[in-house]
Amino acid sequence: MGPCRIDPFGNGPKRGVCGADADTIVARNLARMIAGGAAAHSDHGRDIVEVLYKTALGEAQGYELTDVEKLKRLANEYGIQVDGRSPQEIAKDLAIEMMREFGMIKDRIQFVERAPDKRKKVWEKLGVTPRGIDREIVEIMHRTHIGVDADYVSILLQGVRAAIADGWGGSMIATELSDVLFGTPEPLEGMVNLGVLREDMVNVVVHGHNPVLSFMIAKAAKDPELVKLAQEKGAKGINVVGMCCTGNELLMRQGIPIAGNFLLQELAIATGAVEVMIVDYQCIMPAVTHIAKCYHTKVVTTSDKAKIPGAIHVQFEPEHGYDTAKEILKMAIEAYENRNPDRVRIPKRSMKLLAGFSVEAILKAFGGSVKPLVDAIKEGKIRGVAGIVGCNNPKIKQDYNHVTLTKRLIEHNILVVETGCAAIANGKAGLMTPEAADLAGEGLREFCKKYGIPPVLHMGSCVDNSRILVLAAEVAKYLGVDISDLPIAGAAPEWMSEKAVSIGTYVVASGIFTVLGPVPPVLGSVNVTNLLTRDLDDVIGATFAVDPDPEKEAKLIIDHIEKKRKALGLP
Ligand code: MSK
């Protein structure tokens, strides 16, 4: 019957052959983007649950329960008995409970309980409280099939429900269990940009998202047998560096350097100094194998969900995690011999940054509570908080929107928290050092110097946007208000992935005004556009805004924050 091509702007047909109009088609397409993004995050979360389960059974080689305190806190939230039980027993029960979150056994996902009561009531009234993570995603695919849901409001509400299931479900599970397995991040120094590649070492780039792979690679790279092997080949050792969000996961917990964000993945190979790029899934351009062919670089795929023509596939299973990591690293050491020194061009540039700002670390920096932050906001020293997240987009000069927007906001005394490629962008720009406080307005500068923090806090990877939700919920609960009452905002100035669409949707659904740089594909429907940018405010307390100019994005956020301050009666 299709493809569904109509002409909402001219004199062409206004309905498809089945009768679907622009509102239906746009809403269906947008909902499917949300489903794609929520599925990617949540399937990543599911993989971590599996590793937790296998670790609890002693079947995951090289993995351990690192943050047992957090494991116990999570078990308490799930009503799992903690006293008198071993961490392994608790972890097994927690993993089983979390597996249930994906299906239809429960009628609401557990972490929704972390939201302020007022927010939960908004969700209940709209019927968007998620029941199961997979269920909401599958239901989008069902509803958007030919001849099912044709009402754009109804379709988009299901999109909202799946997005909440991502942010407060799949992504939050991924974050929390990664902390249990690999440690809850604490502030630590790291380096970022292509200059972290080493001319005198075997360079291994880990790229993708799931820390289950990258941690094992980082661990095995210290194996004396492999270090010796690398030295025998003339290298000083093995240099593991990150790319995109799996890089953020390693940086946040171990200070392992990051070579770059999304648009640097091909350029890392083009330095001629990368022996192996090891990838898991998400945001990996198939182009990397084409670039790699021009050099001695091998691309190794490790997940049967993400195979790339031209790559070597080594299936990574947690049961043999350490052995597989060693096998891949041996490939890298062998490839080092084939490196052509005449073609090595590593840019000298790299930048110091302070990362590791989990919610726990932020609260610790403030003496154990959100009070100092809230007091600074109340006094007006800090006007508000903005979360800047998301990708690079080849339609935008790389990092320009991220950096420009961030600079303007800190100048206006708005504390910025970041994740994903946005965080890497501002790390490269030098905005994540305590010294960067000198670029902030007077109040924020004073606050940062008092607590020894940068004006831009690195909160982790894409799934770690869930940390921002938890922080916002903590502040709202402390003040006895809804998240939508707070002087806070979100932005995705260079977004491009479906995951970013899901993130933007759950951020807005959580009550946070969100500015997008690139326009999402919704302009074909005036009704959908109006709903997203205007009418949602009445029902959810937040909307999207779109502006490709970061200076204007900053103005939108500053105005919004001042409006919210006024409504709260703040000076
Ligand atoms: S890696 S989803 S390009 S932020 Fe998380 Fe970066 Fe966007 Fe991928």
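We now turn to the structure provided with this report. Just so you know, these numbers come straight off a predicted model, no measurement behind them.

**Focus on the overall build of the protein chain**
Looking only at helices and strands, the protein chain features 21 helices and 14 strands. In terms of overall size, the protein chain behaves like a compact globule, its C-alpha atoms giving a radius of gyration of 23 Å where 571 residues would be expected to give roughly 25 Å. Overall, the C-alpha framework of the protein chain stretches about 65 × 60 × 55 Å when taken along its three principal axes. Sorting the 571 residues of the protein chain into buried and exposed places 63% on the buried side. Put simply, 75% of the contacts in the protein chain that link residues at least 6 apart link residues at least 24 apart. Of the accessible surface of the protein chain, which amounts to about 21400 Å², a share of 53% is contributed by carbon and sulfur atoms. Looking at charge distribution, the protein chain has the averaged site of its 67 positive side-chain charges lying 3 Å from that of its 72 negative ones.

**Some points on a nonpolar patch on the surface**
Where nonpolar side chains cluster on the molecular surface, the patch consists of F9, V519, L523 and V546 and spans about 390 Å² of accessible area. By the element assignment, L523 lies in the loop between β13 (514-516) and α20 (526-540).

**Topic: the site of the ligand**
Around the ligand, the surrounding shell consists of H209, C244, C245, F262, C283, G390, C391, C421, C462, M496, S497 and K499. More than half of the atoms of the ligand fall within 2 Å of the grid points belonging to the second largest cavity. Here the shell around the ligand is composed, by residue class, of eight nonpolar, three polar and one charged. Structurally, the shell around the ligand is a two-domain feature, drawing no fewer than three residues from each of domain 2 (194-343) and domain 3 (359-568).

**Some thoughts on empty space enclosed by the protein**
Vacant regions in the atomic arrangement are exposed by a probe of water-molecule size rolled over the atoms. Scanning all chains against the criterion turns up two cavities of 30 Å³ or more. There is about 340 Å³ of room inside the largest cavity. For the lining of the largest cavity, the elements supplying multiple residues, two or more each, are α14 (371-379), β9 (384-388), β10 (414-418), α18 (465-479), β12 (488-492), α19 (498-509) and β13. Ranked by residues supplied to the lining of the largest cavity, first place goes to α18 with six residues. Tallied by class, residues from the lining of the largest cavity come to 24 nonpolar, six polar and no charged.

**With respect to the nonpolar core**
If you look at the biggest cluster of nonpolar residues, it comprises 168 residues, and the most contacted ones within it are L177, I217, I238 and L409. Ranked by the residues each element gives to this core, the list is headed by helix α6 (residues 152-182), at 14 residues. Among residues more than four places away in sequence, those in contact with I217 are V204, V206, V240, I278, A325, I328 and L329. V205, I284, M285 and V344 belong to the second largest nonpolar core, which has 26 residues in total.

**Topic: the environment of L267**
By secondary structure assignment, the location of L267 is in helix α10 (residues 265-269). In the structure, L267 is positioned 24 residues away from I291 in sequence and 8.8 Å away in space, judged by C-alpha atoms.

Rules of the game
Starting from 1, residues in each chain are numbered consecutively following that chain's sequence as written. Given that this is a predicted model, residues contribute local features only at a pLDDT of at least 70 and side-chain atom pairs are listed and counted only at 80 or more, while totals for whole chains, interfaces and linings are drawn from all residues. The side-chain numbers reported here are obtained from all heavy atoms of the structure, hydrogens and water having been left aside. Secondary structure elements follow DSSP: runs of H or I of four or more residues count as helices, runs of E of two or more count as strands, with numbering from the N terminus. The size measure is the radius of gyration over C-alpha atoms, and the globule rule it meets is 2.2 Å times the number of residues to the 0.38 power. Relative accessibility decides the category of a residue: with a 1.4 Å probe and only protein chains considered, values under 20% of the type maximum give buried, values over 50% give exposed, and everything between is partly exposed. Residue contacts follow a heavy-atom distance rule, with two residues in contact if any of their heavy atoms lie within 4.5 Å. Accessible surface is estimated by sampling points in the Shrake-Rupley manner with a 1.4 Å probe; for residues, cover comes only from the protein chains shown. In this tally Asp and Glu are treated as negative and Lys and Arg as positive; neither His nor the chain ends contributes. We put the charge of a Lys on NZ, of an Arg on CZ, of an Asp on CG and of a Glu on CD. Only residues whose relative accessible area exceeds 30% and that form no salt bridge are eligible for patches; like-charged ones are grouped when within 9 Å, while nonpolar side chains (Val, Leu, Ile, Met, Phe, Trp, Tyr) are grouped when within 5 Å. The term salt bridge refers to a side-chain nitrogen of Lys or Arg lying within 4 Å of a carboxyl oxygen of Asp or Glu. Proximity is defined per residue: if any heavy atom of the residue lies within 4 Å of a molecule or strand, that residue is considered near it. Put plainly, a pocket is an open set of points on a 1 Å grid over the protein atoms alone with protein on both sides within 12 Å along at least five of seven lines, a cavity is a set where a 1.4 Å probe fits but cannot get out, and a lining residue has an atom within 4 Å of a point. In this scheme, a molecule is assigned to a cavity or pocket if more than half of its atoms are within 2 Å of the grid points. Gly falls in the polar group here, along with every residue not listed as nonpolar (Ala, Val, Leu, Ile, Met, Phe, Trp, Tyr, Cys, Pro) or charged (Asp, Glu, Lys, Arg). Residue ranges for the domains trace back to a domain assignment, done automatically or taken from a database. Grid points are joined across faces, edges and corners, and a volume is the space filled by probe spheres set on the points. Remark: nonpolar core denotes a set of buried residues (Ala, Val, Leu, Ile, Met, Phe, Trp, Tyr, Cys) joined through side-chain atoms within 4.5 Å.

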